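# Examining the three-dimensional arrangement
Spelled out from the first residue to the last, the chains are:
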Amino acid sequence: MIENLKGFLDSKVAQYNQPNFIPNDPVSIPHLFTKKQDIEIMGFWAATLAWGQRVTIINKCKELITLMDGAPYDFIINHQEPDLKKLLHFKHRTFNDIDTLYFIAFFRYHYERNESLESAFVHPNPLRGEQKVEAALNYFRSYFFSLPDYPHRTKKHVSSPSQKSTCKRLNMFLRWMVRKDNCGVDFGIWNQLKPADLIMPCDLHVDRVARKLKLITRKQTDWQTAIELTERLREFDPVDPVKYDFALFGLGIEEKF
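This report concerns the structure included in the present document. Everything numeric here is computed off the predicted structure, so don't read it as measured data. (Residues numbered from 1 in each chain as written. Predicted model: local features only at pLDDT ≥ 70, side-chain atom pairs only at ≥ 80, totals over all residues. Heavy atoms only, no water.)

### Topic: the packing of aromatic side chains
Test applied: In summary, the pairing rule links any two rings of Phe, Tyr or Trp, Trp by its six-membered ring, whose centres are within 6.5 Å, and it sorts them by plane angle into stacked for under 30 degrees, edge-to-face for over 60 and tilted for everything else. The classification of residues rests on relative accessible area computed with a 1.4 Å probe and restricted to protein chains. Under 20% of the type maximum is buried, over 50% is exposed, and intermediate values are partly exposed. A positively charged side chain is recorded as over a ring if its NZ (Lys) or CZ (Arg) lies within 6 Å of the ring centre. The angle to the ring normal must also be within 35 degrees.
By the definition in use, this model includes 30 aromatic pairs. Centroid distance Phe-145 to Tyr-150: 5.4 Å. Interplanar angle 55°. Geometry classified as tilted. By relative accessible area, which is 7% here, Phe-145 ends up buried. For Tyr-150, a relative accessible area of 28% corresponds to the partly exposed category. Seen from the ring of Phe-246, Arg-175 lies directly overhead, with NZ or CZ sitting 4.3 Å from the centre.

Below, the structure written as structure tokens:
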């Protein structure tokens, strides 16, 4: 039974983990860039805004890129105060101009001191396995909101395991940055975390399909659910369990499984 399920899911990974998956998915946004910092910034933003229709998410990210003159990293590092005025009308669902301006302030603060966003996820006391990612996400959130006068409302857009959240968007972003293969979808530009450490992005589609396949037994959907699902998928591939995100998401959104 387990071998059959593994074979089935492996075939679905092969089907969806390829370049033709990119155009209709938010991962298409960081793929518009070649500079590492642009990939990180717009990858993070695309993951943060990833709720609702995928077409809307992609269009909103492209609008944001246009407002930053087509060069996010350059805009963030070099903008003057008047340049921010055009961002005052940017909105996607509950993400508004206050959140946008704080994201820009954080990115400027970070990139003036660091070459890559990766260091924002490196916990000073690294742990192993899923605890490594749990520590990284908790550390990132505390660091992200460490600037004075951060807007309290923005906290709802950056989750952490300490809040019992599945951290779907952040886990998806980490998948994009960390997973390494030759399929062209994920970037694999970070090295501090390993693909084996990653936790499944547990979105609505993944959750439904995983429950149907009896990969999740936990009744609620929270951080422990994401851990449970990842542990089950590690039985199929301990080195790269999160590759099955392609299978479960594809089955859910493309095949209405």
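### Describing the side chain of Lys-168
The criterion, for reference: Runs of E in the DSSP output that reach at least two residues are strands. Runs of H or I that reach at least four are helices, and both are numbered from the N terminus. Pairs of N or O atoms within 3.5 Å make up the polar contacts considered here, provided that, within protein, one atom can donate a hydrogen while the other can accept it, and that residues adjacent in sequence are counted only when both atoms are side-chain atoms. Between two residues, a contact is recorded if the distance between any of their heavy atoms is within 4.5 Å.
With respect to the helices, strands and loops of the structure, Lys-168 is situated in helix α7 (residues 168-178). Within polar-contact distance, the side chain of Lys-168 engages the backbone oxygen of Ala-50 at 2.9 Å. For Lys-168, the residues in contact, after removing those within four places along its chain, are Ala-50, Pro-201, Cys-202 and Asp-203.

### Some remarks on the pattern of salt bridges
The condition is simple: One side-chain nitrogen of Lys or Arg within 4 Å of one carboxyl oxygen of Asp or Glu is enough to make a salt bridge.
Taken as a whole and judged by the stated rule, the model has 21 salt bridges. Across the pair Lys-60 and Glu-63 runs a salt bridge, and its minimum N-O distance is 3.1 Å. Residue Lys-60 and its partner Glu-63 are both found in helix α3 (residues 54-67); the two are separated by three residues, about one turn of the helix. Between Asp-186 and Arg-179 there is a salt bridge, with its nearest N and O atoms 2.7 Å apart.

### Some thoughts on the packing of helix α2 (residues 36-48) against helix α5 (residues 97-111)
Defined as follows: Note on geometry: axes are C-alpha line fits, over the in-contact stretch for helices, and angles between N-to-C directions span 0 to 180 degrees. When an angle is under 35 degrees it counts as roughly parallel; over 145 it counts as roughly antiparallel; between 65 and 115 it counts as roughly perpendicular; any other value is oblique. Crossing chirality is assigned from the near helix's rotation relative to the far helix, an anticlockwise turn below a right angle marking it left-handed and a clockwise turn marking it right-handed. Charged means Asp, Glu, Lys or Arg here, nonpolar means Ala, Val, Leu, Ile, Met, Phe, Trp, Tyr, Cys or Pro, and polar covers whatever is left, Gly included.
One can describe the packing of α2 onto α5 by two numbers: an axis separation of 12 Å at closest approach and a directional angle of 150°. Put simply, α2 runs roughly antiparallel to α5. The handedness of the crossing between α2 and α5 is right-handed. Mapping the contact onto sequence places Gln-37, Glu-40, Ile-41, Phe-44, Trp-45 and Thr-48 in α2 and Thr-100, Phe-103, Ile-104, Phe-107 and Tyr-111 in α5. For the contact of α2 with α5, the per-class residue count stands at seven nonpolar, three polar and one charged.

### Points about the environment of Lys-35
Secondary-structure assignment places Lys-35 in the loop between α1 (2-16) and α2. Overall, the relative accessible area of 41% leaves Lys-35 in the partly exposed class. C-alpha separation for the pair Lys-35 and His-205, spaced 170 residues apart in sequence, amounts to 31 Å.

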